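Results of the structural survey
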Amino acid sequence: MSVLTAENLSKSYGDRKIISDISVHIEKGEMVSLLGVSGGGKTTLFNLLSGLEAPNGGRVILNGEDVTGKSGLVGYMQQSDLLLPFKTIAENVIIPLLLRGEKKKAALEKARPLFAEFGLEGLEGYYPAQLSGGMRQRAALMRSFFYSSELLLMDEPFSALDAITRGSMQSWFRNIVREHGLSTFFITHDVNEALLLSDRIYILGGVPGKITHELKNSIPQVENPELTEEFLRNKIKITELINNE
Amino acid sequence: MIRKQRSIINKLYPLAFIALIVAVWELVCRLRLVAEFMLPSPEKVVKALVTEFPTLIMHSRTTLLEAAAGLGISLAAALVFAVLMDKFEFLYKAGYPIAVLTQTVPTVAIAPLLVLWFGYGMAPKIVLIFVACFFPMLIALLGGFQAADPGVLRLYRSMNAGYLRILKDVKLPYALDSFFSGLRISVSYSVVGAVISEWLGGSGGLGVYMTRVRKAFAFDKMFAVIIVTSVVSLILIKLVDIIQIAAMPWKKYEKK
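A quick note: this is a predicted structure, and the numbers were derived from the prediction, not measured. (Residues numbered from 1 in each chain as written. Chains lettered and ligands numbered in written order. Predicted model: local features only at pLDDT ≥ 70, side-chain atom pairs only at ≥ 80, totals over all residues.)

1. Description of the packing of helix H3 (residues 53-87) of chain B against helix H10 (residues 206-215) of chain B
All names here are of chain B.
- Packing of H3 against H10 brings their axes to within 7 Å, and their N-to-C directions diverge by 135°. As the angle between them shows, H3 and H10 are arranged oblique. Touching Thr 55, His 59, Ser 60 and Thr 63 of H3 are Leu 206, Gly 207, Val 208 and Tyr 209, all from H10.
- The residue makeup of the contact of H3 with H10, split by class, is three nonpolar, five polar and no charged. (Axes fitted to C-alpha atoms, helices over the stretch in contact; angles between N-to-C directions. Helix = DSSP H or I, 4+ residues; strand = E, 2+ residues; numbered from the N terminus. Parallel < 35°, antiparallel > 145°, perpendicular 65-115°, else oblique. Contact = placed C-beta atoms within 7 Å. Nonpolar A, V, L, I, M, F, W, Y, C, P; charged D, E, K, R; others polar.)

Structure below.
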């Protein structure tokens, strides 16, 4: 069953049409990526899916219910970690729980067992400025997880990290998502990242932006999947598809 | 260790410069280059400061009380107006230019009018301090609200947070830096404003004392009260620094 379905979404700003007639779906527990060049309308599509903006046409269905233009229903993790510098890591991650009306003490109790799993044990009382970029992203992901433990939209979540940190974050992320059965839909313009983390890949191209291709992807279950022949073949294929747009 | 030494040296520069000015001043007085009644020597000023100290402390209390009342009211009013102007765009558009305009009105010029309207009690003094402190605080808070990270605001809105929650969780904490900058200006304005308002009348306060010694041509005491006024302002500014450090513990971890 689809957790999220978007049907024929379109969005314009004035006379400028940004995306047109986009339909996507995310199944339960599925990791799906959206690939495309910068300025192609990827973030606009995510704003529509998260309800931050209303589409000019089409609709968004979440668990069978029409939620078009309604915000606050799915977790949305944006490019930077957006941690509040004046709150500790623990206070940052429980924000969604507090917004839902939970008391601070109860929210902290709920968060406590998950700190170790998110690699943040012992850092609960630290301020974001005391942590590395990777750790901050983990905290941001934990906050998003508390917002929605079902579906996460992520806009280039690892783009601000250095290559080594990004690599370790990607494998950690894959494991934690699988473990919790999360459905994720994330934007990336890194073909490697899409192939390492996705069950399915959408390619967005053209002006206005449209879904030009939808590819199934199986992540090779080996230690360094990016070194396998299958991975390289898929990488060349996707790169050609993007370049031909 | 080197950083600490450098910090001490940096603090010694202004002290050495002040010492040089005082030395030159003393020399000018001893050589009688300026008539004594026009410029008392530092030695005489220090003596006046010592002998008049209990009186100066007593008058400082009155001035500080007025300054605290005026500053407290301006802080509360600035916070209310800043929130309203932040929430309602039409209020911002209507009020901001007026706020800037009032900054150009000299407080010394309106002081006699305030006495005329409110009498010689504490009221005109508090109103004058309010006029001097309200707008720097309002502008500091509005600027602070606008400094809130747009990404964080967007995140809160994506989680369906209401204005009051965003204000409490995001805008007010982001405005702290700007708030304390405004407060540093306002505390010194409040003391100076109190002294100016006391020139116009009253029974106590550093401004009242200043008027009395001026009329008696006791310029050594005049300098003594000027020093006390400056020291009081400096102590208050330092107090704001200490409060800011305590109120913003995360700042020490942020990269400069």
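2. So, the confidence of the model for chain B
- Averaged over every residue, the pLDDT of chain B is 89; the share at 70 or more is 99%.
- Interface scoring of the predicted complex returns ipTM 0.78; its pTM is 0.80. (pLDDT = per-residue confidence, 0-100.)

3. Details of unusual backbone geometry
Residues and elements named next belong to chain A.
- Between Val 207 and Pro 208 the backbone carries a cis peptide bond, its omega angle lying at -5°.
- For Pro 208, the location among the structural elements is in the loop between strand S9 (200-205) and strand S10 (210-216).
- In this structure, Leu 82 takes a positive phi of about 55° despite not being glycine.
- Relative to the helices and strands, Leu 82 resides in the loop between strand S6 (75-77) and helix H2 (89-93).

4. Comments concerning the interface of chain B and chain A
- Of the residues lining the interface, 15 residues belong to chain B; the matching set on chain A comes to 17 residues.
- Elements that contribute at least two residues to the side of chain B that touches chain A include exactly helix H7 (150-158) and helix H8 (163-174) of chain B.
- At five residues, H7(B) tops the list of elements feeding residues into the side of chain B that touches chain A.
- Grouping the amino acids of the side of chain B that touches chain A by side-chain chemistry returns eight nonpolar, three polar and four charged.

5. Digging into the sheet that holds strand S4 (residues 57-62) of chain A
Residues and elements named next belong to chain A.
- Pairing in this open sheet of four strands is antiparallel, and the strands run S2-S1-S4-S5 from one edge to the other. Each end of this open sheet is capped by a strand with a single partner; those strands are strand S2 (16-27) and strand S5 (65-66).
- Pairing geometry for S4 and S5, over two bridges, is antiparallel. What sits directly across from Leu 62, in S5, is Glu 65. (Pairing = 2+ DSSP bridges.)

6. A closer look at the pairing of S10(A)
All names here are of chain A.
- Two elements, S9 and S10, share six bridges in a ladder whose sense is antiparallel. Note that in S10 the partner of Ile 201 across the bridge is Leu 215.
- Counting the residues in the hairpin turn of S9 and S10 gives four residues, including Gly 206, whose phi is positive at 80°.

7. Thoughts on the environment of Leu232(A)
All names here are of chain A.
- Positionally, Leu 232 belongs in helix H9 (residues 229-243).
- You can call Leu 232 exposed: it has 12 C-beta atoms within 10 Å.
- Here the alpha-carbon distance between Leu 232 and Asn 217, two residues 15 residues apart in the chain, equals 12 Å. (Buried ≥ 20, exposed ≤ 12 C-beta atoms within 10 Å, placed from the backbone.)

8. Focus: the domain arrangement of chain A
All names here are of chain A.
- On domain assignment, one finds that chain A holds domain 1 (2-74 + 150-243) and domain 2 (83-147).
- Here domain 1 and domain 2 have C-alpha centroids that lie 25 Å from each other.
- At the junction of the two partners, domain 1 supplies nine residues and domain 2 supplies six residues.
- Across the side of domain 1 that touches domain 2, the residue classes break down as eight nonpolar, one polar and no charged. (Domains from an automatic or database assignment.)

9. A word on the domain arrangement of chain B
- When its domains are assigned, chain B resolves into domain 1 (1-34) and domain 2 (40-249).
- Computed from C-alpha coordinates alone, the two centres of domain 1 of chain B and domain 2 of chain B are separated by 29 Å.

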